[in-house]
Amino acid sequence: MLKESSHLWAWLCFLFASSAQAIEIKIQAQDGLPLEDAVVELVSASPQTERLTTLSVAQKDLTFVPFVTAVQKGSAIEFPNQDKTRHHVYSFSPAKVFELKLYAGKPEAPVRFEKSGIVALGCNIHDYMQAYVYVGDSPFLAVTNSQGVANLLDIPDGQYQVKLWHPWQQSDPAIGQVSIPLSGEVVFKIDVLRQQKPTKPKKGFGNSY
Ligand SMILES: [Cu+2]
């Protein structure tokens, strides 16, 4: 009887152990302060099902919102224009070369990102508009919020490599490791040169739009 119940217990433990978790990973700059707009990608050695999404990078007040977006390759992004002026969004990055010629409102089709890498976005009309799309191989991706926290949902238990990226990084961040479920708080650091996020220039420039 004792033996059977311990079997049952082992089976229950197995059920729980093979679940998926919502986890938090904290990213700091080298000064220990929280770092916003950092990409966290968890890479598993075992194959994972795709989690393709369609996200949105808006143009609002002559600024791309959000500044950094992360998607799995094969996913799409819409570029709605919420300004009164027209924008002309483009990228010359090898991971995705495209342009959405001058438009107002919503362009006809979302742009699909098929190749992993960093895509730098610009606008032909407004040079100061800049943003980034991180296209990852893995389905497990998140961008840190203003508290420097990346919220990753439904991560299957197991071992992962942690790849990090930030637009202001001064060198490629070291690749970390995590084991899910996490056993405590996980913090990684990225060495960045802090800057202002791109916004429209102050008075006297851009007001005519
Ligand atoms: Cu523009």
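Here the structure is shown first, and the text comes after it.
So, here is what we can say about the structure in this document. (Residues numbered from 1 in each chain as written. Predicted model: local features only at pLDDT ≥ 70, side-chain atom pairs only at ≥ 80, totals over all residues. Heavy atoms only, no water.)

### Side note on the side chain of Q169
And then number 1: By the secondary structure assignment, Q169 is in the loop between β15 (158-165) and β16 (176-180).
And then number 2: Engagement of the side chain of Q169 in a polar contact is seen with the backbone nitrogen of H166, the distance being 2.9 Å.
And then number 3: A polar atom in the side chain of Q169 sits 3.3 Å from the side chain of D172.
And then number 4: Sequence-distant contacts of Q169, that is, excluding residues within four places in its chain, are made with L164, I190, D191 and V192. (Helix = DSSP H or I, 4+ residues; strand = E, 2+ residues; numbered from the N terminus. Polar contact = N/O pair within 3.5 Å; in protein donor to acceptor, adjacent residues only side chain to side chain. Contact = heavy atoms within 4.5 Å.)

### Notes on the packing of aromatic side chains
And then number 1: A complete count under the given rule lists eight aromatic pairs for this structure.
And then number 2: Relative to W168, the ring of F67 lies with its centre 6.0 Å away and its plane at 45°, an arrangement referred to as tilted. In this pair, F67 is assigned in the loop between β5 (63-65) and β6 (68-72) and W168 in the loop between β15 and β16, connecting sequence segments 101 residues apart. Accessibility classification places F67 together with W168 in one group, the buried group.
And then number 3: Ring centres 5.8 Å apart and planes at 85° place the aromatic pair F140 and Y160 in the edge-to-face group. Highlighted residues: F140 in strand β13 (residues 140-143) and Y160 in strand β15, separated in sequence by 20 residues. The two residues F140 and Y160 agree in class, both being buried.
And then number 4: Members of the aromatic cluster, connected to one another through ring pairs, are F67, Y132, Y134, W165 and W168. (Phe/Tyr/Trp six-rings, centres within 6.5 Å; stacked < 30°, edge-to-face > 60°. Buried < 20%, exposed > 50% of the residue type's maximum accessible area, 1.4 Å probe, protein only.)

### Digging into the pairing of strand β11 (residues 117-123)
And then number 1: Pairing analysis gives two bridges linking strand β8 (residues 87-93) to β11, with the strands arranged antiparallel. Paired with V89 across the bridge in β11 is C123.
And then number 2: Hairpin connection from β11 to strand β12 (residues 130-136): six residues lie between these consecutive antiparallel strands. (Pairing = 2+ DSSP bridges.)

### Comments concerning the coordination of the copper ion
Geometry sets the ideal angles at a metal, namely 109.5 degrees for four tetrahedral donors and 90 or 180 degrees for six octahedral donors.
And then number 1: Coordination of the copper ion by the protein comes from H87 (ND1), C123 (SG) and H126 (ND1), over a distance range of 2.0 to 2.1 Å.
And then number 2: Taken in sequence order, the residues that donate to the copper ion follow the motif H-x35-C-x2-H.
And then number 3: Under the relative-accessibility criterion, H126 is labelled buried at 1%. (Donors = N, O, S within 2.8 Å, 3.2 Å for Na, K, Ca; no water.)

### Notes on the sheet that holds strand β7 (residues 75-78)
And then number 1: One open sheet holds the three strands; their spatial order is β3-β7-β10, and the pairing between them is mixed. In the strand order of this sheet, the two ends are held by β3 (54-56) and β10 (111-113), each with one partner. For this sheet, the mean inter-axis angle between neighbouring strands, taken without regard to orientation, is 30°.
And then number 2: Strand direction decides the pairing type here: β3 and β7, joined by three bridges, are parallel. Bridged to S56 within β7 is E78. (Axes fitted to C-alpha atoms, helices over the stretch in contact; angles between N-to-C directions.)

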